Amino acid sequence: MRIVFMGTPDFAVPSLQALIDSPHEVIGVFTQPDRPKGRGGKVQASPVKQLAQRHGIPVFQPERIRRDGVEDLRALAPDLCVTAAFGQILSQEVLDIPRLGTVNVHASLLPRHRGSAPIAWAILQGDEEVGVTTMLTDKGIDTGAMLLAKSLKRDPLMTCGELTEVLSRVGAELLLETLAAMDAGTLTPVPQDESRMTYDPMLKKEMGEIDWSQCGQDIANQILGLNPWPGCSVPWGEGRLKLLRALPAEGEGEPGEVIASGKQGLVIACGQGAVAVTQLQAPGGKAMAATDYLRGHPIPVGTHLG
RNA sequence: CGCGGGGUAGAGCAGUUUGGUAGCUCGUCGGGCUCAUAACCCGGAGGUCGUGGGUUCAAGUCCCACCCCCGCAA
């Protein structure tokens, strides 16, 4: 099939790579425009664009595909469009162009966690099962009929970033299976059960604020689910102490109070139970194990964290 | 030229202001104590102080250039 791929971040890269390695022909790639990023404000190409360019695939970066990408897409005359974390909403006009429709790779077990940050929300809500679903894109946000899905048990120590990496590879496999089944004509699109659907909003920076009156399990989920972005942190000296990795722990104390500091990491009392922060990052420093940090910067038991 | 922090033993840091013996916590190795231990005691090994140049009797420390890492802002 002649396929146009639409995607932007790292999550989309294995899917695009899988298509490139497959017998299908990737005739064009749509991705978000280059944006200033990183130190020094240099513009950077998205991971998907970088991969496409290495393979000499034409790249299109409309600000809004529904507004100024339609003609380019039409000119490519694809059989199928494949999207994976593209970051733009497709209009009906765009959806009508590919002869066989548009397949989306979504990193959740639909109909749960519709929206742009499904993996983070699965962790935030403490889901035991996570996964990827392929679906036929329609005009709504992640509302189309489901094609195939793959689920796995969530590792309760994984950060959102790590789980994203795992699921991006699962997504690539599932995409190939989906296309194969599509070719074979063995696919049966299944409408989503609207009564079970959840739509989760975009992540916001403020979500990284920690409320120590919450229970330890929830705070651990928050720390893992929001790593690497937006990240959880507490005020610390001139800057903020980033809490990168944590797990629920035993212990009692005033919420926000350090109740152990050493080999177990940095254990902080919560509204219910406690959390052991096991990886953190101080202002100006690199990420490190909490025990390593504490060797050079002891935090006495009894300290209150904001 | 967006703003800022940092690079010292395997890990995390202090020491740089005011140049003059390489220091702390931990790990590691050896020994001791203990029913036992992530505990405690004794002892040892381990460092081109990011790189290159300069100043000096003497540079981790002062000067110049460069490399690498990180935070904020976007």
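Note that the structure is a prediction, hence the values are computed from the model and not measured. (Residues numbered from 1 in each chain as written. Chains lettered and ligands numbered in written order. Predicted model: local features only at pLDDT ≥ 70, side-chain atom pairs only at ≥ 80, totals over all residues. Heavy atoms only, no water.)

Taken as a whole and judged by the stated rule, the model has 15 salt bridges. The salt bridge involving Glu63 is made with Arg35; its shortest N-O contact spans 2.6 Å. Of this pair, Glu63 sits in the loop between β5 (59-60) and α3 (65-68) while Arg35 is found in strand β3 (residues 35-37), placing the two residues 28 residues apart along the sequence. With a relative accessible area of 44%, Glu63 lands in the partly exposed category. In this structure, Arg67 and Asp68 form a salt bridge, with 3.4 Å as the shortest nitrogen-oxygen distance. Taken together, the salt bridges that share partners define one network made up of Glu71, Arg74 and Glu93. (Salt bridge = Lys/Arg side-chain N within 4 Å of Asp/Glu carboxyl O. Helix = DSSP H or I, 4+ residues; strand = E, 2+ residues; numbered from the N terminus. Buried < 20%, exposed > 50% of the residue type's maximum accessible area, 1.4 Å probe, protein only.)

The next subject is the domain arrangement of chain A. According to the domain assignment, chain A contains domain 1 (2-196) and domain 2 (205-296). For domain 1 and domain 2, the distance between their C-alpha centres works out to 33 Å. Contacts between the two partners involve 13 residues from domain 1 and, on the opposite side, eleven residues from domain 2. Summed over both partners, the interface of domain 1 with domain 2 comes to about 860 Å²; 62% of that surface belongs to carbon and sulfur atoms. The largest contributions to the domain 1 side of the interface with domain 2 come from Leu124, Leu157 and Thr159, which together make up 50% of the buried area. Inspection of the region where domain 1 meets domain 2 yields one salt bridge. For the interface between domain 1 and domain 2, the tally reads five residue pairs in polar contact (both at pLDDT 80 or more). Mapped by element, the contributors of at least two residues to the side of domain 1 that touches domain 2 are α6 (118-124) and α7 (160-184). A per-element tally of the side of domain 1 that touches domain 2 places α6 first, with four residues. When its residues are assigned to classes, the side of domain 1 that touches domain 2 shows eight nonpolar, three polar and two charged. (Domains from an automatic or database assignment. Contact = heavy atoms within 4.5 Å. Buried area = accessible area lost by both parts, 1.4 Å probe. Polar contact = N/O pair within 3.5 Å; in protein donor to acceptor, adjacent residues only side chain to side chain. Nonpolar A, V, L, I, M, F, W, Y, C, P; charged D, E, K, R; others polar.)

Moving on to α7. In this model α7 runs 35 Å from its N-terminal to its C-terminal C-alpha over 25 residues, within 8% of the 36 Å that 1.5 Å per residue would give. Along α7, the residues classified as buried are Cys160, Leu163, Leu167, Ser168, Val170, Gly171, Ala172, Leu174, Leu175, Thr178, Leu179 and Ala181. Positioned one or two residues after α7, Gly185 has a phi angle of 75°, which is positive. (Expected span 1.5 Å × (residues − 1).)

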